[in-house]
Each structure stands twice: as C-alpha cells, then as structure tokens.
Amino acid sequence: MKNALSLALALSAATLSLPAAAQFAKAEDAIKYRQSALTVLGTHFGRLGAMANGRAPFDAAAAAADADVVAVVAKLPWHAFGPGTDTGRATAARPEIWTEQDKFKDRAEKMQAEVAKLVPAARSGSLDQLKAAFGPAAQSCKACHDDFRKR
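Residues numbered from 1 in each chain as written. Predicted model: local features only at pLDDT ≥ 70, side-chain atom pairs only at ≥ 80, totals over all residues. Heavy atoms only, no water.

Our next topic: the overall build of the protein. Within the protein one finds seven helices and zero strands. Overall, the protein shows an N-to-C arrangement of helices and strands of α-α-α-α-α-α-α. Taking all 151 residues of the protein together, 32% fall into the buried category. Taking as baseline every contact in the protein between residues at least 6 positions apart, the subset at least 24 positions apart corresponds to 74%. Accessible surface for the protein amounts to roughly 8900 Å². Of this, 60% is attributable to carbon and sulfur atoms. (Helix = DSSP H or I, 4+ residues; strand = E, 2+ residues; numbered from the N terminus. Buried < 20%, exposed > 50% of the residue type's maximum accessible area, 1.4 Å probe, protein only. Contact = heavy atoms within 4.5 Å. Areas by Shrake-Rupley, 256 points an atom, 1.4 Å probe, with all protein chains shown as cover.)

What follows deals with the nonpolar core. Counting residues in each nonpolar core, the largest one holds 32 residues, and the members touching the most others are Phe45, Leu48, Val115, Leu118 and Leu130. Of all the elements in the fold, those that place two or more residues in this core are α2 (27-52), α3 (60-73), α4 (96-99), α5 (101-116), α6 (118-123) and α7 (127-148). In terms of residue count, the dominant contributor to this core is α7 (seven residues). Those residues in contact with Leu48 that sit more than four places away from it in its chain are Ala63, Asp66, Ala67, Val70, Leu118, Leu130 and Phe134. (Core = buried A, V, L, I, M, F, W, Y, C linked by side-chain atoms within 4.5 Å.)

This part covers the pattern of salt bridges. Within the structure shown, the criterion is met by ten salt bridges. The partner of Asp146 in a salt bridge is Lys142, with the nearest N and O atoms 2.7 Å apart. Of this pair, Asp146 and Lys142 both sit in helix α7, four residues apart, which is roughly one turn of that helix. Among the residues examined, Lys142 registers a relative accessible area of 42% and is labelled partly exposed. Through salt bridges with shared partners, a single ionic network connects Glu100, Lys103, Arg107 and Asp147. (Salt bridge = Lys/Arg side-chain N within 4 Å of Asp/Glu carboxyl O.)

This part takes up α2. Taking 1.5 Å per residue as the helical rise, α2 with its 26 residues ought to reach 38 Å, and the 37 Å between its terminal C-alpha atoms agrees with that figure. Of the positions making up α2, those classed as buried are Ala30, Ile31, Arg34, Ala37, Leu41, His44, Phe45, Leu48, Gly49, Ala50, Met51 and Ala52. Elements that come into contact with the buried residues of α2 comprise α3, α4, α5, α6 and α7. Gly54, located one to two residues past α2, shows a positive phi value of around 80°. (Expected span 1.5 Å × (residues − 1).)

Along the chain, Thr85 turns up in the loop between α3 and α4. Of the residues examined, Thr85 reaches a relative accessible area of 4% and is grouped as buried. Within the structure, Thr85 has its side chain in polar contact with the backbone oxygen of Gly82 (distance 2.6 Å). Excluding residues within four positions of it along the chain, Thr85 makes contact with Ala27, Ala30, Ile31, Arg34, Ala80 and Trp98. (Polar contact = N/O pair within 3.5 Å; in protein donor to acceptor, adjacent residues only side chain to side chain.)

So, about the side chain of Arg34. The topology assignment puts Arg34 in helix α2. Although buried, Arg34 forms no salt bridge, and the nearest oppositely charged side chain, Asp86, lies 7.5 Å from it. Of note is the side chain of Arg34, whose polar atom sits 3.4 Å from the side chain of Thr91. Beyond its immediate stretch of four places on either side in the chain, Arg34 contacts Pro77, Ala80, Phe81, Thr85, Thr91, Ala93 and Trp98. (Lys, Arg positive; Asp, Glu negative; His and termini not counted.)

Remark: α2 packs on α3, axes separated minimally by 9 Å, with the N-to-C direction vectors making an angle of 145°. Judged by the sense of rotation from one axis to the other, the crossing of α2 with α3 is left-handed. Together, Ala37, Val40, Leu41, His44, Phe45, Arg47, Leu48 and Met51 of α2 and Ala62, Ala63, Asp66, Ala67, Val69, Val70 and Val73 of α3 make up the contact between the two elements. Split into classes, the residues belonging to the contact of α2 with α3 amount to twelve nonpolar, one polar and two charged. (Axes fitted to C-alpha atoms, helices over the stretch in contact; angles between N-to-C directions. Left-handed = near helix turned anticlockwise from the far one by under 90°. Nonpolar A, V, L, I, M, F, W, Y, C, P; charged D, E, K, R; others polar.)

Dropping the structure here:
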C-alpha cells in the first residue's frame, strides 16, 4: 500500500512539473486561455481604475473584491505564452514575447508585484490608498503593453 501511494505521489509530482505548454492540447487552447485570463484581468482592473480615476463612485467592498480577482488572475496568463503560441488565432501578442523572454518575464513579475499591492490598498476602504496603489500597477501593465502588445 505504501509503495502504491508513493508511486501515485511521484506520478502526481511529475505530472505537475511538466512544462506549462503541455497543459494545453493545442496552441489554440493556450492562446484562448491567456486571452480569456487577460480579459477577466482587464475587466476587474478597469473597474478599479474607474474608481481610482473618479469615473465611477468609490465602493470599498467592490474595490476589495475586484482587487482580489486581479491579484489571482494576474498569475494565470503567463504560462500560456509557450512555444508555438505565437501564431494561429488572432492575437495581440508581438513576436518580441518569444525573442525577449527574459524581458517579458520581468515585466510579468513586476506587474504581479504591483497588482498584489492593490489588495491591501483596496481592503483599507480608503480611496486615497487605492489611488496610490493603482498608479504603479497601471504603469506596470502599460510597460508590458508598450513592449509586447500590438496596438
């Protein structure tokens, strides 16, 4: 029984450590996944931006909920930019994503770090704290878009 359990755990660990690209049956699946994640991210980030920029009334509970979603979803799309996902389905991804992987990864990590700061700011119930955290988060998104997204 111990051997079977050990084998099952080892197989599970091996499966989880496979390259992220192997998680998708086809490149089209990865592209669809990342586009969906980025759409959800943009929707919730946009709601926070509307509050931070005075285009929507500040709602502390909604801001906290949106910030929670943004922080989680910000971690999702990056592994779906694997080999072979640079062509196919209509995509706004520029080829530099695949030729400048270190820079792309750095931008993604910086964005995740900045959006993580939105959570405590939004949960504080303070519009001023949300504004202070939103600006750098928005700049980190823009930096990646400037370098890696087609206009």
